[in-house]
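So the chains spell out like this:
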Amino acid sequence: MEKRDSLEKIWKQGRSNIEKQEIPGEENFRKTTGKRLNLNKIVIEVYLGIYLLMLLVTAVLEIMNLNVYKGNPNMIAVHSGVLAVSLAFIGYGIRLWVKIRRIQHPGQDLASMIHNQIRFYKIDYEVWIWMISLTVALTSFAINTLIDNDNGTYRINNPYRYTGIMAGMVLFLYVMIKMVHYPLLKELRIRLSDLSAQTTEATDSFEKSRRKWRPWAIAGLIVVAVLLGYLVILGILRFGL
Amino acid sequence: MQTEKENKFLEMIRLHKGLLMKVCSLYATDREEIADLYQDVLLNLWRSFEGFRGESKLSTWIYKVALNTAIMNLRQKIQHPLARQVVPELPADPIDDSAEDFRILHAAIRELPEMDRAIILLYLEELSGTEISRITGFSEVNIRVRVSRIKSKLKELLLRQGYQIN
């Protein structure tokens, strides 16, 4: 079998072959349409846009409701609550917008990029899908109470049925959004999971080998300590130190 | 007409083109893919060009952006059995043994998982442990362990093809 030079030497001697390759069109990089379009990012940004718009509409409707129901303390309390929730949801949406840009910033180190994206899709994204579903219920409530205002009162004739239908609608929306985004998200999650396994592989195997040798290291230290202790005591007894 | 910023950027790209080609050739399956990936890398570099404040070496930053772009490329996920065999054709002198050795080594590196490819590329390009750590996010100790494993893996891959490496 023929023996070759070391990996480092082979690489050093041959890398100019790659460097010589010609790829035209650097000057046109700004016209790049990005053939590898990040569809996930586009879908999420479209959802985010719709989500924030709906919340703005809800907030405006709730301000109108606060005016319309100003003589009704119960309704004021309810609409204040809904307005506060809408504003909190808007805040979360803006935070998400900023976070998406941050987690996909290519200037991060590789491991951070992977872990940030995994955390995003595991936590932030899941929370947000629930928020989108709840937003539709909030908007629907805001519209209903504004339209069905009866001289400053609003009556839900069957509160249990109303609650049940609203809860069903929220759940239905959650499932629909997940199903629509599922194919793209599944591919991304598999990819991230694969990359994550590659990033933790080194730490895991390193930790495993450390754990494997730890009992021996401890035993060795004990033996040395006992031996040294014996010699010290022996020295004291013998030489009266 | 190009702005001063664009001229500065393009000058930077020309100076580091070799680096970019090395990254793209390891993460793309054919010439068309290399060209696509190269353009994507340029776009990402351009987008983060203004944000680069010189906290690290320019080459470290370029490696980071290029490797992130290459590794996060989803299309790579779709691996047909034949695609893995199509390696970019490297211009090589038929009399030159070192070019042939390099071609075989390059093909073996492409067989490795994406993160391992990044680490071994940075190691073979003689970046320091600190620089590799900054780019990958792994500790320097992890990198040393990993490089050792990757080299063994590469030697094994090459041995299977009948090449023994020192």
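Model, not experiment: these values are computed from the prediction. (Residues numbered from 1 in each chain as written. Chains lettered and ligands numbered in written order. Predicted model: local features only at pLDDT ≥ 70, side-chain atom pairs only at ≥ 80, totals over all residues. Heavy atoms only, no water.)

1. Digging into the confidence of the model for chain B
Residue and element names in this part refer to chain B.
Inference 1: Overall, the prediction assigns chain B a mean pLDDT of 83, with 83% of residues at 70 or greater.
Inference 2: Across chain B, the element-wise mean pLDDT spans from 71 in strand 1 (residues 164-165) up to 95 in helix 6 (residues 114-124).
Inference 3: Note on residues 76-89: pLDDT under 50 across the span, and 25 contacts to partners over four residues away in sequence or across chains.
Inference 4: Under the prediction, the complex receives an ipTM of 0.82, its pTM being 0.75. (pLDDT = per-residue confidence, 0-100. Helix = DSSP H or I, 4+ residues; strand = E, 2+ residues; numbered from the N terminus. Contact = heavy atoms within 4.5 Å.)

2. Remarks on the pattern of salt bridges
Inference 1: Within this structure, the stated rule accounts for 17 salt bridges over all chains.
Inference 2: A salt bridge links A:Glu126 to A:Arg189; the shortest N-O distance between them is 3.5 Å. Taken together, the residues span a long stretch of sequence, with A:Glu126 in helix 5 (residues 110-147) and A:Arg189 in helix 6 (residues 159-239) at a distance of 63 residues.
Inference 3: The exposure class assigned to A:Arg189 is partly exposed, which follows from its relative accessible area of 32%.
Inference 4: A salt bridge links B:Glu50 to B:Lys5, with the nearest nitrogen and oxygen atoms 2.5 Å apart. With B:Glu50 in the loop between helix 3 (31-47) and helix 4 (58-71) and B:Lys5 in helix 1 (residues 4-15), the pair connects residues that are 45 residues apart, well separated along the chain.
Inference 5: For B:Lys5, a relative accessible area of 30% corresponds to the partly exposed category. (Salt bridge = Lys/Arg side-chain N within 4 Å of Asp/Glu carboxyl O. Buried < 20%, exposed > 50% of the residue type's maximum accessible area, 1.4 Å probe, protein only.)

3. Things to note about helix 5 of chain A
Inference 1: Over its 38 residues, helix 5 of chain A extends 53 Å from the first C-alpha to the last, a length consistent with the 56 Å expected when each residue adds 1.5 Å.
Inference 2: Two to three positions downstream of the cap, the backbone nitrogen of A:Ala111 sits 3.3 Å from a side-chain oxygen, assigning the N-cap of helix 5 of chain A to A:Asp109. (Expected span 1.5 Å × (residues − 1). Polar contact = N/O pair within 3.5 Å; in protein donor to acceptor, adjacent residues only side chain to side chain.)

4. Things to note about the environment of A:Asp150
All names here are of chain A.
Inference 1: Within the element layout of this structure, Asp150 appears in the loop between helix 5 and helix 6.
Inference 2: Its relative accessible area of 49% is what places Asp150 among the partly exposed residues.
Inference 3: Between the alpha carbons of Asp150 and Gln21 there is a distance of 76 Å; along the sequence they are 129 residues apart.

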